[in-house]
Amino acid sequence: MQRTDYRLSQLDMLEAESIHIIREVAAEFERPVLLFSGGKDSITMLRLAEKAFWPAPVPFPVMHVDTGHNFPEVIEFRDRRVTELGVRLVVASVQDSIDQGRVVEETGKWASRNRLQTTTLLDAIEEHGFTAAFGGARRDEEKARAKERVVSFRDEFGQWDPKNQRPELWNLYNTKIRQGEHVRVFPLSNWTELDIWDYIRREALEIPSIYFAHPRMVFERDGLLLADSPYANRDDDEPVFEAMVRYRTVGDMSCTGAVKSVATTLDEVIEEIAATRITERGQTRADDRSSEAAMEDRKKEGYF
Amino acid sequence: MSRTTGGMDLLRFATAGSVDDGKSTLIGRLLYDSKSIFEDQLEAVERTSQDRGEEYTNLALLTDGLRAEREQGITIDVAYRYFATPRRKFIIADTPGHIQYTRNMVTGASTADLAIILIDARKGIIEQSRRHAFLTTLLKVPHLVLAVNKMDLVDYSQETFDRIHDEFTAFAAKLDVHDLTFIPISALHGDNVVERSASMPWYDGPSLLHHLENVHIASDRNLIDVRFPVQYVIRPHRSTDHDLHDYRGYAGQVAGGVLKPGDEVLHLPSGLTTHITDIDTADGPVDEAFPPMSVTLRLADDIDISRGDMICRPHNRPAVAQDIDAMVCWMAVERPLTPRTKLVIKHTTRTARAVVRDLHYRLDVNTLHRDEDATALSLNEIGRVGLRVTQPLFVDDYNRNRLTGGFVLIDEATNATVAAGMITDAK
Ligand SMILES: Nc1nc2c(ncn2[C@@H]2O[C@H](COP(=O)(O)OP(=O)(O)O)[C@@H](O)[C@H]2O)c(=O)[nH]1
């Protein structure tokens, strides 16, 4: 850290703000939980949580909403990371929600378990009595996210009301809720995609291997490169080929697109990202391309 | 687009203007010209622009966040935008200018280092410009920029600019403005936004972006009065690790001053003194801590310290007060603020209950007239109130420290955040 003239670099300022938010929520909520997908944002968030309470352990569990269609590399990474930290892992399974008849599997070519996760997530929050759920969303990701509060209220149905949000001033957060309600907390609100990568490099954080270029069997659909997997519903007219790819976000295998890449080191990945001219979600997420307001609609229902 | 963000510093600014003054266009222009717009975002905007039969690509569409806003073509809530140049990262609090949304502006300004107020050159200073200027000074935003927009529509006239300049300077003299900069721009055509404009040779100041990149903000923080609100007590309790068995650290974000190991400090509310032995972070101990660092203090003596307490210096303490006078901006739709209203007050890391004892006056934010006969503050009104708090708060004047001088009020019935307060006096 640069200390001489009492200035902090912007990464240090972002880190200080995120730690403040995480401590605030840990102090004021009975049962927080950190939503951990194994992606770069939740990896960063978990690292910040670790820093916030050091040398004490992270005082809340982490929860993964497992679609059953995850990249195996990511699940392996998740398990290793939570063991290292000694935190409790809660797995909420979309498959269980389907088996219990809470949701119905989508059908057709674009079928994905992405939207189904909302029910699984809300059921798990209710079942475990979680009152605050940390999410790794950033405001730079998407238009609807740009208006999201840091501590964002959810009613007893888990719904977000963008027109009725609590004003947030200075570093004061309103943490009052009633029984059955909860909040989502976004400690990375003010980080950009590039900030996350810079931080991962600075902190030498480990990330799942799929973020680096690797050979993979893929096929092309609507401009997206999708992994050939049992969940892909690939048509006969969508030929499979091998390509060097990496992932820019980590989501469901059925709807997360890969990008062609030769970047096998972190420096090379950052260089490619810094030069890219397409947003993270536009390039890699089929779920957000269906309509201009796709994210806003999902968020209102209670999505991440 | 900047290549990497690690070492640069950060400027937060808020934008304000009336509807159609060109705020969205300006933000779109800043994002576009700093190459922070991605191709897919631009394509979406171009498509919508064409569908609407617009002549130019409407950069304003880049910042219209929510569906309701896109449909109504207005900005209804604070939205945050990000861009970076090789010199600085910027966070924009994009606050809508409608009369009914004073609360959004107050919210956006609370954390801003700088505010840009947009004026339509054809209309000059209007009532809302004065309101916006007043709010930035009420919230103590350290730097103010008056961007006189749509200069292309007044033939880039120096005379028009000078008239607005003089009129606003006269008005600003009534306010407490420390750093005021005027810049003539055309957000639509890009004049003086990123590059100096060839159309206004008479203007010899910086472009808006140049000003944003270079305005000096390091000395805006209070580095004099040590204020450390205790946020969280860290006690590892790991029986396996004997070194940590007795560890007791007080975690928080520095709200003022510079703390060093060895410094004598005073704890409130106890009034006991001790000294700092270590300032810890997960990356190791540091030799000083200053705002806005999040650190963990360890102290020489075992004092009973918990969340909501304050650590300061023995000869420089905040006021310990249960009676507080403050300027309050009322933000609730459902009901007004009236004397005897009971609320929850959240100040630094302390939460207590409060009752409104007096409404001294309501301020007309356009004329700055004080209405001492007012009996209530309704949505988006500002006034000076006296509060009685159930337990002492450790406060400073908001003018001296925004973090120990600001508070929010919460309605216990709805849990809504209903007011922002700026402390003017405390006993
Ligand atoms: N001629 C001209 N038109 C402008 C300028 N800036 C904005 N406009 C137009 O003014 C209208 C309102 O702008 P907008 O950015 O939506 O205003 P907002 O309501 O303040 O966000 C739009 O039609 C813009 O194209 C400018 O510098 N010159």
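Residues numbered from 1 in each chain as written. Chains lettered and ligands numbered in written order. Predicted model: local features only at pLDDT ≥ 70, side-chain atom pairs only at ≥ 80, totals over all residues. Heavy atoms only, no water.

Some thoughts on the overall build of chain A
Here comes step 1: Along chain A, the regular secondary structure elements total 9 helices and 10 strands.
Here comes step 2: With the C-alpha coordinates aligned to their principal axes, the bounding extent of chain A is approximately 55 × 50 × 40 Å.
Here comes step 3: For chain A, buried positions account for 66% of its 304 residues.
Here comes step 4: Partitioning the intrachain contacts of chain A with sequence separation of at least 6 by distance along the chain shows that 72% fall at a separation of at least 24.
Here comes step 5: Element-wise, carbon and sulfur atoms account for 48% of the exposed surface of chain A, whose accessible area totals about 11,100 Å².
Here comes step 6: Side-chain charges of chain A comprise 42 positive and 55 negative groups, with the mean position of each set lying 4 Å from the other. (Helix = DSSP H or I, 4+ residues; strand = E, 2+ residues; numbered from the N terminus. Buried < 20%, exposed > 50% of the residue type's maximum accessible area, 1.4 Å probe, protein only. Contact = heavy atoms within 4.5 Å. Areas by Shrake-Rupley, 256 points an atom, 1.4 Å probe, with all protein chains shown as cover. Lys, Arg positive; Asp, Glu negative; His and termini not counted. Charge placed at Lys NZ, Arg CZ, Asp CG, Glu CD.)

So, the site of the ligand
Residues and elements named next belong to chain B.
Here comes step 1: Around the ligand sit 16 residues in total, of which D20, K23, S24, T25 and D152 are the nearest.
Here comes step 2: Residue K23 places a main-chain N or O atom 2.8 Å away from an oxygen atom belonging to the ligand.
Here comes step 3: K150 has a polar side-chain atom sitting 3.1 Å from an oxygen atom of the ligand.
Here comes step 4: Across the complex, the protein chains shield 77% of the 580 Å² of accessible surface that the ligand would expose by itself.
Here comes step 5: Here the element with the most residues in the shell around the ligand is helix α1 (residues 23–33); it accounts for 3 residues.
Here comes step 6: For the shell around the ligand, the per-class residue count stands at 5 nonpolar, 6 polar and 5 charged. (Near = heavy atom within 4 Å. Polar contact = N/O pair within 3.5 Å; in protein donor to acceptor, adjacent residues only side chain to side chain. Nonpolar A, V, L, I, M, F, W, Y, C, P; charged D, E, K, R; others polar.)

What about the environment of L61 of chain B?
Here comes step 1: Of note, L61 of chain B is situated in the loop between α2 (39–51) and α3 (67–72).
Here comes step 2: Sequence separation of L61 of chain B and L42 of chain B is 19 residues, and the distance between their C-alpha atoms is 9.3 Å.
Here comes step 3: In contact with L61 of chain B, other than residues within four places in its own chain, are K143 of chain A together with V45, T48, S49, R52 and E54 of chain B.

Some points on the pattern of salt bridges
Here comes step 1: Scanning all chains against the criterion turns up 58 salt bridges over all chains.
Here comes step 2: A salt bridge links R246 of chain A to E272 of chain A; the shortest N-O distance between them is 2.8 Å. Residue R246 of chain A is located in strand β9 (residues 241–247), and its partner E272 of chain A is located in helix α7 (residues 266–275); the two are separated by 26 residues in the primary sequence.
Here comes step 3: In this structure R246 of chain A comes out as buried when scored by relative accessible area, which is 4%.
Here comes step 4: Where R298 of chain B meets D280 of chain B, a salt bridge forms, and the shortest distance between an N and an O atom there is 2.8 Å. Here the residue R298 of chain B occupies a position in strand β12 (residues 294–299), and D280 of chain B occupies one in strand β11 (residues 273–280), the gap between them amounting to 18 residues.
Here comes step 5: Its relative accessible area of 26% is what places R298 of chain B among the partly exposed residues.
Here comes step 6: In this structure, a network of salt bridges that share partners links the residues D12, E15, R47, E50, K51, R81, E84, R202 and E203 of chain A together with D283 of chain B. (Salt bridge = Lys/Arg side-chain N within 4 Å of Asp/Glu carboxyl O.)

Here's the deal with the nonpolar core
Here comes step 1: In this structure, W170 of chain A together with F13, L26, I116, L139, F168 and L212 of chain B are the most contacted members of the largest nonpolar core, which totals 99 residues.
Here comes step 2: It is strand β4 (residues 114–120) of chain B that provides the largest number of residues to this core, a total of 6 residues.
Here comes step 3: In this structure, I116 of chain B is in contact with F13, A14, T15, A16, L26, V145, A147, L208 and L212 of chain B, ignoring residues within four places of it in sequence. (Core = buried A, V, L, I, M, F, W, Y, C linked by side-chain atoms within 4.5 Å.)

Let's talk about the sheet that holds strand β8 (residues 232–234) of chain B
Here comes step 1: The strand order across the open sheet formed by 7 strands is β7-β13-β10-β11-β12-β9-β8 (chain B), and the pairing between neighbours is antiparallel. Only two strands of the sheet have a single partner each, and these edge strands are β7 (228–229) and β8 of chain B.
Here comes step 2: Two elements, β8 of chain B and strand β9 (residues 249–253) of chain B, share 3 bridges in a ladder whose sense is antiparallel. Looking at the pairing, I234 of chain B lines up with G249 of chain B of β9 of chain B.
Here comes step 3: In this fold helix α1 (residues 10–28) of chain A packs onto β8, β9 and β12 of chain B, with an angle of close to 65° to the strand it touches most, β12 of chain B. (Pairing = 2+ DSSP bridges. Axes fitted to C-alpha atoms, helices over the stretch in contact; angles between N-to-C directions.)

Notes on the confidence of the model for chain B
Here comes step 1: Overall, the predicted model of chain B reaches an average pLDDT of 90, with 92% of residues at or above 70.
Here comes step 2: This prediction of the complex comes with two scores: 0.92 for pTM and 0.92 for ipTM. (pLDDT = per-residue confidence, 0-100.)

Considering the packing of aromatic side chains
Here comes step 1: Counting across every chain of the model gives 15 aromatic pairs over all chains.
Here comes step 2: Ring centres of W191 of chain A and Y199 of chain A lie 5.1 Å apart, and the angle between their planes is 90°; on these two criteria the pair is classed as edge-to-face.
Here comes step 3: Look at W191 of chain A and you get buried, because its relative accessible area is 0%.
Here comes step 4: For Y199 of chain A, a relative accessible area of 0% puts it in the buried group.
Here comes step 5: Here the aromatic rings of F168 of chain B and F182 of chain B are separated by 6.0 Å at their centres, their planes lie at 80°, and the arrangement is edge-to-face. You can see F168 of chain B sitting in helix α6 (residues 158–172) and its partner F182 of chain B sitting in strand β6 (residues 180–184), a full 14 residues away along the chain. Of the two residues, F168 of chain B and F182 of chain B, neither departs from the other in class, the shared state being buried. (Phe/Tyr/Trp six-rings, centres within 6.5 Å; stacked < 30°, edge-to-face > 60°.)

With respect to helix α6 (residues 193–202) of chain A
All names here are of chain A.
Here comes step 1: Burial analysis of α6 places 8 of its 10 residues in the buried class, which makes it a mostly covered element.
Here comes step 2: Among the residues making up α6, those that are buried are E193, L194, D195, I196, W197, D198, Y199 and I200.
Here comes step 3: Just beyond α6, the residue with positive phi is A204, at close to 50°.

Re the sheet that holds strand β5 (residues 151–154) of chain A
All names here are of chain A.
Here comes step 1: Read across the sheet, 6 strands follow the order β3-β2-β1-β4-β6-β5 without closing on themselves; strand pairing throughout is mixed. Of all strands in the sheet, those bounded by a partner on one side alone are β3 (89–93) and β5. The sheet shows a mean angle of 30° between the axes of neighbouring strands, direction not considered.
Here comes step 2: Alignment of strand β1 (residues 32–35) against strand β4 (residues 132–134), held across 3 bridges, turns out to be parallel. Looking at β4, one finds that L34 is bridged to F134.
Here comes step 3: Contacting β1, β2 (62–66) and β4, helix α2 (residues 40–53) runs over the sheet at an angle of about 140° to β1.
Here comes step 4: Relative to β2, helix α5 (residues 117–128) is tilted by about 145°, and along the sheet it contacts β1, β2, β3, β4 and β6 (182–185).

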